Each structure stands twice: as C-alpha cells, then as structure tokens.
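# Fold and geometry: a report
Here are the chains, one letter per residue:
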Amino acid sequence: AQSVAQPEDQVNVAEGNPLTVKCTYSVSGNPYLFWYVQYPNRGLQFLLKYITGDNLVKGSYGFEAEFNKSQTSFHLKKPSALVSDSALYFCAVRDRDFNKFYFGSGTKLNVKP
Amino acid sequence: EPEVTQTPSHQVTQMGQEVILRCVPISNHLYFYWYRQILGQKVEFLVSFYNNEISEKSEIFDDQFSVERPDGSNFTLKIRSTKLEDSAMYFCASSEMRGGQETQYFGPGTRLLVL
C-alpha cells in the first residue's frame, strides 16, 4: 500500500537555527515528491517538488529538500529558520502512473524568536 | 498570480441535508481535484476529474459524493445526505497537465460543519 510518513507531529526550533522536517514514503516505483505548507485558516501552498535529477531540490522561501532513494526519504530543510516559517508542513507523493496524491499527516513547525 | 478560489469559506448544515461546494480552478488548468482534511488529520484524496469525467477516485468517494463541471469555470462537489463525519475542510485543486511536471494548486478550502 502507498503511504507517506511524517514521524514528528511537531518540530521546535529557534529562529536563525537550521530546521529539518522529516518525510519517508512507501510507494511503488519512482514517485514524484512534494512539500506543501499550510498556514492557519489557509489552503495548501506548494513549496517544492522532486521529479528527477539532482537529489537536492530548492523551493520557495529558502526551503530545500533532499531526496534519498535508498532511505526512501525526502526531508525538508532550511539553513536559517524564521518565525514566519511557523506553519503546518505536509509531505506528499504522487504515483507516476496514477493522478493521485498521498499526503503525510503533517508536521507542525514552531519557530521561536 | 492566478489562484484557485472556493466558496463558501464556511458552511454549516444539518445532518441529512445536501451541500454543494464550489471551486473555480485556475483558468488554463485541465485537471481538477477534491481533497478533504478532517480536523487534526491528514489531507485525503477524494477524486480527480479530467475531460468532463472522473479519472480516479478514492474509497472515500462513494455514492454519497458527486462532482460536476457545470460550465467552463466552476467545479463542484456535491455531498448528499450529509453525515456528522463529513465535517471537514474540503480543498479543491487544479493542475495544468498530467504527468510528473504537474503541480497541483490548492484553493483556501471550505470548512464544512455537519450538525
């Protein structure tokens, strides 16, 4: 069965420090991988995606994600966190053959000043 | 920047009633989707729609649900005979093309509360 896991419900980090939000997946074949952010009372906003090529993907707002095929992971990273980064982050995968996304349960990122 | 819009932003209904959630996808997009997010839980795929028909649907999307693109702009989700457990945030999304290069753009959601 296809699945996406975000093992941490919440990540706390101090402003200016690097942050990592973890995501692992179990999808057959070579899926496409995405990160979305959700601010309170707002819809999901696209951050970045991995399709193929370089394992390090750069996205919006200074975020990047590293695709690791052997570990089936796609962790979201940022070198220096901002208070405004505080939000809910969702990892998603899309099967290459089917037009359907599978979302992780979300990780709440808290960046403290 | 173009965006997906959804109406209403909030809807309260009585159990057993029918609701219609409306979405206006980005104008040149061809693929449309509905997702739902029960409070505190993950986002779940409901259905995808292309060329005026359903292309894929999840096990959640049973006979209680239907989708329609009644004109060139709107994309609607109808929930018949609503149940308490239908209370959730419903997100519409659209994308330009099928295949790996697509990115789904989400609307702000409609919060449905069934009493």
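Residues numbered from 1 in each chain as written. Chains lettered and ligands numbered in written order. Predicted model: local features only at pLDDT ≥ 70, side-chain atom pairs only at ≥ 80, totals over all residues. Heavy atoms only, no water.

## Remarks on the pattern of salt bridges
Between side chains of opposite charge, a pair can form as their charged atoms come close. Residues and elements named next belong to chain A. The cut-off we apply is this: What counts as a salt bridge is simple: a side-chain nitrogen of Lys or Arg found within 4 Å of a carboxyl oxygen of Asp or Glu. By the criteria applied, helices consist of DSSP H or I runs no shorter than four residues and strands consist of E runs no shorter than two, each listed in order from the N terminus. For each residue, the accessible area found with a 1.4 Å probe, counting protein chains only, is set against the maximum for its type, and the residue is called buried under 20%, exposed over 50%, and partly exposed in between.
Following the criterion strictly, the structure yields four salt bridges over all chains and no others. Between Lys 77 and Glu 66 there is a salt bridge, with the nearest N and O atoms lying 3.2 Å from each other. Residue Lys 77 is found in strand β9 (residues 73–78), and its partner Glu 66 is found in strand β8 (residues 64–68); the two are separated by 11 residues along the sequence. Residue classification places Glu 66 among the partly exposed residues on the basis of a relative accessible area of 38%.

## So, the pairing of strand β5 (residues 43–50) of chain B
Residues and elements named next belong to chain B. Counted only if it meets this: By the convention used here, strands pair only if DSSP detects at least 2 bridges between them.
Summarising burial for β5: six of the eight residues are buried, a large majority. Looking at chain direction, strand β4 (residues 31–37) and β5 are connected through seven bridges and run antiparallel. Of the residues in β5, the one forming a bridge with Arg 36 is Glu 44. Between β4 and β5, which follow one another and run antiparallel, lie five residues, and Gly 40 among them has a positive phi close to 80 degrees. Of the pairings in the sheet, the one linking β5 to strand β6 (residues 53–57) comprises four bridges and is antiparallel in character. Its bridge partner being in β6, Phe 49 is matched across the sheet by Ile 54. Hairpin connection of β5 to β6: two residues between the antiparallel strands, including Asn 51 at a positive phi of 55 degrees.

## Points about the state of the cysteines
Spelled out, the test is: Sulfur atoms of two cysteines make up a disulfide when they are within 2.5 Å.
Scanning the model with the defined rule gives two disulfides over all chains in all. Across a sulfur-sulfur distance of 1.9 Å, A:Cys23 and A:Cys91 are joined as a disulfide pair. In this structure, the disulfide formed by A:Cys23 and A:Cys91 twists by about -60 degrees around the S-S bond and is classed as left-handed. Of this pair, A:Cys23 sits in the loop between β3 (19–21) and β4 (24–26) while A:Cys91 sits in strand β10 (residues 87–94), placing them 68 residues apart in sequence. Among the residues examined, A:Cys91 registers a relative accessible area of 0% and is labelled buried. Here B:Cys23 engages in a disulfide with B:Cys92; their sulfurs sit 1.9 Å apart. On the sign convention where negative means left-handed, the S-S torsion of about -65 degrees between B:Cys23 and B:Cys92 marks this disulfide as left-handed. Note that B:Cys23 is positioned in strand β3 (residues 19–24) and B:Cys92 in strand β9 (residues 88–95), a separation of 69 residues in sequence. The residues B:Cys23 and B:Cys92 share a single accessibility class, namely buried.

## A few points about the sheet that holds strand β7 (residues 65–68) of chain B
All names here are of chain B. Heads up, the condition is: Each axis is a line fitted through C-alpha atoms, and for a helix only the stretch in contact is used; angles between axes span 0 to 180 degrees, taken between their N-to-C directions.
Read across the open sheet, the four strands follow the order β1-β3-β8-β7; overall the sheet is antiparallel. Looking along the sheet, the strands with just one partner apiece sit at the ends: β1 (5–7) and β7. Within this sheet the neighbouring strands show an average axis-to-axis angle of 20 degrees, counted without direction. Where β1 lies against β3, three bridges are found, and the strand directions are antiparallel. The residue of β3 that forms the bridge with Thr 5 is Val 24.

## Considerations on the nonpolar core
The following threshold applies: Take the buried Ala, Val, Leu, Ile, Met, Phe, Trp, Tyr and Cys residues and link them wherever side-chain atoms come within 4.5 Å; each set so joined is a nonpolar core. Two residues form a contact once any of their heavy atoms are found within 4.5 Å.
Membership of the largest hydrophobic core comes to 28 residues, with the highest contact counts inside it found for A:Trp35, A:Leu47, A:Leu48, A:Phe74, A:Leu76 and A:Tyr89. Contributing elements (two or more residues each) for this core: β2 (10–14), β3, β5 (32–38), β6 (44–50), β8, β9, β10 and β12 (107–112) of chain A. In terms of residue count, the dominant contributor to this core is β10(A) (four residues). Leaving out residues up to four positions away in the same chain, A:Leu48 has contacts with A:Leu33, A:Phe34, A:Trp35, A:Val57, A:Lys58, A:Gly59, A:Phe63, A:Glu64, A:Ala65, A:Phe74 and A:Leu76. Counting residues in hydrophobic clusters, the runner-up holds 23 residues, among them B:Ile26, B:Ile38, B:Leu46 and B:Val47.

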